[in-house]
Amino acid sequence: MTSHETRPQSQTAAAAATPAKRNLKREAAVKAGFILALALCATPYVSAPIALVGGFLFTLFFGHPFAKLNHKATNILLKASVVGLGFGMNVHSALQVGREGLGLTIGSITLVLTLGYFVGGWLKMPRKSSHLVASGTAICGGSAIAAVAPAVNASEKEMSVSLGVVFLLNAIALVLFPFVGHLLGLSQHQFGLWSAIAIHDTSSVVGAASAYGDEALQVATTVKLARALWIIPVSLLSAILFRSKGKKISIPWFIFYFILAMLANSYIPFVSTFGPAVTSISKTALVVTLFLIGAGLSVEKIRSVGWKPLILGIILWVVVSVLSLLVIVNS
């Protein structure tokens, strides 16, 4: 082979390698940027709503470099954060708040599930899809949908659409609720109770309440986790209504760990020495979690929801938000 033949081949190989190197550099830069953004969320300068929106914008403009790990990391961090918050709560105060929110919880769950049935029928939606959206709105968002879906033998598409509706409304609620709370002059206690009843997922409830204040956070976490326990009876009822015998029901065990942490903080003296530090770390971890949740929300997911499930979700959400707010303010 002559030197004239060798030179063009080497030049072609170098030209082909250049885009590959650029892609590798870009991937490394995006990964570094993502890790830096997570680190920033662990500082006091980033609030829960900013973290959520920031995660979404990062994925929108740069993509998600760790997409396969996102769901698992979010799930673990959220549960660990909620359990950690239990080390900053007193069981006697929690019981008082829980009793106060019990009537609102039962009333809102009954109203949303019933309204979901009739509005879903009016929109001519499949019964399973409307029931999943209503269950997510009534109890605790994605966790409720994940628990009820196998009980009613829902398809993967029905489940993903319902999760998309709840996820989108959660993101809006996290940003909107603190603003409305301050606008209406709600007290810490009132806002905590309202957010626990009217916001879907535990992550957004805790995020919105933490942005409002410490007392709001304690009230919201206690009432929301007590509300989440209704996953069990609602799943059983769903299995009966849809005749899905023998289906496994997912029990949110992390709630019981939260209760244990709260009991330890209330009755074991030495726990109070490190309880505040654990609570502080948990709040920080929650903000990081919300960044990951935002990063998992893509434009494609929003588009795949469809207008009927979205309309149903908005109607149910607005009704429960307005009615629960009126009850809380006038009680």
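By the naming in an unreviewed UniProt entry, the protein chain goes by Sulfate exporter family transporter and is assigned to Candidatus Tidjanibacter faecipullorum. Reading the Sequence similarities (unreviewed entry) entry of the UniProt record for the protein chain gives the comment "Belongs to the UPF0324 family." Checking UniProt for the protein chain, the heading Subcellular location (unreviewed entry) contains the comment "Cell membrane".

(A) Structural context of the pattern of salt bridges. Inspection of every chain in the model, using the stated rule, returns one salt bridge. Between Lys283 and Asp214 there is a salt bridge, and its shortest N-O distance comes to 2.9 Å. Of this pair, Lys283 sits in helix α13 (residues 271-295) while Asp214 sits in helix α10 (residues 214-228), and the two are 69 residues apart along the sequence.

(B) Highlighting the packing of helix α2 (residues 48-62) against α13. One way to put it is that α2 packs onto α13 with a least axis distance of 6 Å and a crossing angle of 35 degrees. Relative to α13, the crossing made by α2 is right-handed. On α13, the residues that touch Ala48, Ala51, Leu52, Gly54, Gly55, Phe56, Phe58 and Thr59 of α2 are Val287, Leu290, Phe291, Ile293, Gly294 and Ala295. Residue composition of the contact of α2 with α13, grouped by class: 10 nonpolar, four polar and no charged.

Parameters and conventions
- Within each chain, residue numbers correspond to sequence positions counted from 1 in written order.
- The model is predicted, so local features are restricted to residues of pLDDT at least 70 and side-chain atom pairs to those at 80 or more, both for listing and for counting; the totals for chains, interfaces and linings are taken over all residues.
- Think of the side-chain values as coming from all heavy atoms in the structure, minus any hydrogens and water.
- UniProt positions are given in the numbering used here, feature names are shortened, and annotations may be inferred rather than shown by experiment.
- Here, a salt bridge means any side-chain nitrogen of Lys or Arg that lies within 4 Å of a carboxyl oxygen of Asp or Glu.
- Helical segments are the DSSP runs of H or I of at least four residues, strand segments are the runs of E of at least two, and each set is numbered from the N terminus.
- Orientation is described by lines fitted to C-alpha atoms, with helices fitted over the stretch in contact, and by angles between N-to-C directions that extend from 0 to 180 degrees.
- Two helices that cross are described as forming a left-handed crossing if the nearer one is turned anticlockwise from the farther one by less than a right angle, and a right-handed crossing if clockwise.
- It only takes one pair of heavy atoms within 4.5 Å for two residues to be counted as in contact.
- Polarity classes work like this: nonpolar for Ala, Val, Leu, Ile, Met, Phe, Trp, Tyr, Cys and Pro, charged for Asp, Glu, Lys and Arg, and polar for all others, with Gly in that last group.

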